[in-house]
Amino acid sequence: MKLITSTDGLAATCAHFATQPFVTVDTEFMRETTYYPKLCLIQIAAPDGSTALVDPLAPGIDLAPFFALMGDEGVLKVFHSARQDLEIIWLQGGLLPQPFFDTQVAAMVCGYGDSVSYEQLVNDVAKAKIDKSSRFTDWSRRPLSEAQLTYALSDVTHLIKVYEELARQLLSTDRGAWLDEEMAVLTSPETYRADPEQAWRRLAGRMRKPREIAVLMEVAAWREREAQSRNVPRGRILKDEAVLDVATAAPRSVEALGRLRTIPTGFERSRTGAEILAAVERGLARDPASIPVPERGRARSGGNGALVELLKVLLKAVCEQERVAPKIIATVDDLEALAEDDEADVPVLSGWRRGLFGEKALALKAGRVALSAEGGRVVVRDLGEAAEG
C-alpha cells in the first residue's frame, strides 16, 4: 500500500476519479498544538474499486488536483460527519465540495439515531467490523505503517456500501429533500469562518449582566485573534476559565489581574497581561444598551417547563414512528420557543418538519391530540377522532 507523494501522481489519480459517479472521501488531521487543523492524510475510494491515499505532507506536493476533484460538479463527494473535513478543504483549497453527501446526516433521516458513528453504520449497513487499533495514530509522523494505512483506507472503502444503501433508502421513502437544509449549512463558507467578534458566544453561558458580557466580548475576540495569528489553540493563549474570570471581575490594574485564581503567577506583568487589561477597558467603554444579552431559557423563565417536556415526548414518539432521528427535527431551544409561541420562527414550523411534527405539536398545545401509553409505547391520539368513535 503506497502513499501518493507527487503532484503528477495525484493528478493522474484524480483524473481517474473524475470519471466516477461518486467518490468517498475522508481526511486525517491533527490540531492538538495548532489553531488551524494540520492536514496529514487524504483517503479516496470509488465504486469501481479504485482507492488512493494521498500524503499532503510530502515535500513539493501540490494538492490542486484534489481540490479540483472536490469542485467537479460531475462527481458526487461522499463523506461521513464531514464538518471538520470540509473545514480543512475550505481553509486550504478555498472551496467546498459540490455536489456533496454526508452519510451521518442521511443516517439520521433514515432512522439510525442521532449522530450515528461511522463504525456503527459500517456494522449495521456494510456488515463489517473496523479494526480500531490505529484510531489514536499521530497522523503527522512518518513513515505510516501498513496497519495505519489499512485503517485509514477502511474509512472510505466501507463508506461506498453505506452510501449506496442510504441512497436507496432515501429514494424508497422520498426523503431526499429532507437533507437539503443540513447539506446547505455544511457547504456554506459562513459555517467555517471563525469570526473573532463572535467568539464570546461560545462562552457566554448564563451570563446576563451587560457589563460582564461587554468585557467577555472584547477579551474573547482578543484571544481569538491571538490564537489565529500564532496558529496555536485558544487555551495556549488563555484558558476558558480565565477568560470568564476576567469578564466577571473586570480587573483594571495589574494587581487586580494578578489576584484572579486562574491567572498564572507573573502573567499579569507580561505583554499579554497588558493586552488583557486593554481589552477589559474596551469592554467597559462599550454602551451597555448595545450589548446583545442572551435570552434566558424560555421554559425556565416562562413557566412552560411541563409543556416543553410533553413536546419532547411527542417528538420522540413521532420520530420512533417515522424512523427519523429527533436531532434533525427539532432542538430543545426549538421546543421551548414553540411552547411559548405558536408562530415562533423555528425550522419545525416550516417545510417538511411542520408536516411531520410541527402540526402535531400545535395540536397538542391546543388540546386536539393527546399522548397515551399502549403496549409499552407512547401513542399520539387525535381527540376529535376519539370522540367521534
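Residues numbered from 1 in each chain as written. Predicted model: local features only at pLDDT ≥ 70, side-chain atom pairs only at ≥ 80, totals over all residues. Heavy atoms only, no water.

## Here's the deal with unusual backbone geometry
1) Next: Note the cis peptide between Gln98 and Pro99, where omega equals -15 degrees.
2) Next: Turning to its location among the elements, Pro99 is positioned in the loop between α3 (83-93) and β5 (100-102).
3) Next: For the bond running from Arg142 to Pro143, omega is 0 degrees, close enough to zero to count as cis.
4) Next: Positionally, Pro143 belongs in the loop between α5 (118-126) and α6 (146-173).
5) Next: For Ala250, which is not a glycine, the phi torsion comes out positive at approximately 50 degrees.
6) Next: Relative to the helices and strands, Ala250 is located in the loop between α10 (240-249) and α11 (254-258).
7) Next: On the accessibility criterion, Ala250 (4% relative accessible area) is buried. (Helix = DSSP H or I, 4+ residues; strand = E, 2+ residues; numbered from the N terminus. Buried < 20%, exposed > 50% of the residue type's maximum accessible area, 1.4 Å probe, protein only.)

## Looking at the nonpolar core
1) Next: Ranked by internal contacts, the top residues of the largest apolar core, which has 96 residues, are Phe66, Phe101, Ile329 and Phe357.
2) Next: Looking at this core, the element that brings in the most residues is α6, giving 11 residues.
3) Next: When neighbours within four sequence positions are excluded, Phe357 is seen to be in contact with Leu311, Leu314, Leu315, Val318, Ile329, Leu335 and Val348.
4) Next: Counting residues in hydrophobic clusters, the runner-up holds 32 residues, among them Met207, Met217, Ala247 and Ile291. (Core = buried A, V, L, I, M, F, W, Y, C linked by side-chain atoms within 4.5 Å. Contact = heavy atoms within 4.5 Å.)

## With respect to the packing of aromatic side chains
We describe a pair of aromatic rings using the distance from one ring centre to the other and the angle between the two ring planes.
1) Next: In this structure the tally under the stated criterion is 7 aromatic pairs.
2) Next: Seen from their ring centres, Tyr35 and Tyr36 are 4.8 Å apart, and the 80 degrees between their planes marks the pair as edge-to-face.
3) Next: Judged by relative accessible area, Tyr35 falls into the buried class, the value being 9%.
4) Next: Centre to centre, the rings of Trp178 and Trp352 are 4.1 Å apart; their planes meet at 5 degrees, and the pair counts as stacked. One end of the pair, Trp178, is in the loop between α6 and α7 (180-186); the other, Trp352, is in helix α16 (residues 351-365), with 174 residues separating them in the sequence. (Phe/Tyr/Trp six-rings, centres within 6.5 Å; stacked < 30°, edge-to-face > 60°.)

## With respect to helix α8 (residues 210-230)
1) Next: Look at α8: 30 Å from first C-alpha to last across 21 residues, which is about the 30 Å you get at 1.5 Å a residue.
2) Next: The first or second residue beyond α8 is Asn231, which carries a positive phi of 55 degrees. (Expected span 1.5 Å × (residues − 1).)

## Focus: the pattern of salt bridges
Proximity of charged atoms lets side chains of opposite charge pair with each other.
1) Next: Scanning the entire structure with this criterion turns up 22 salt bridges.
2) Next: Asp55 is the salt-bridge partner of Arg142, the closest N and O atoms lying 2.7 Å from each other. Here Arg142, found in the loop between α5 and α6, pairs with Asp55, found in the loop between β3 (51-54) and α2 (64-70); they are 87 residues apart in sequence, far enough to count as distant.
3) Next: Take Arg142: its relative accessible area is 32%, and that puts it in the partly exposed class.
4) Next: The exposure class assigned to Asp55 is buried, which follows from its relative accessible area of 6%.
5) Next: For Glu190, the salt bridge goes to Arg193, with nearest N and O atoms at 2.2 Å.
6) Next: Residue classification places Arg193 among the partly exposed residues on the basis of a relative accessible area of 44%.
7) Next: A single salt-bridge network, built from bridges that share partners, covers Glu181, Glu182 and Arg353. (Salt bridge = Lys/Arg side-chain N within 4 Å of Asp/Glu carboxyl O.)

## Focus on the confidence of the model for the chain
1) Next: Here the chain shows a mean pLDDT of 92. Residues at 70 or above account for 96%.
2) Next: Below pLDDT 50 for its whole length, residues 297-301 participates in 13 contacts with residues either more than four positions away or in separate chains. (pLDDT = per-residue confidence, 0-100.)

## Considering α10
1) Next: Among the residues of α10, those classed as buried are Ala242, Val243, Asp245, Val246 and Ala247.
2) Next: Of the surrounding secondary structure, the elements contacted by the buried residues of α10 are α8, α11 and α12 (271-284).
3) Next: Backbone geometry just downstream of α10 places Ala250 in the positive-phi region, at approximately 50 degrees.

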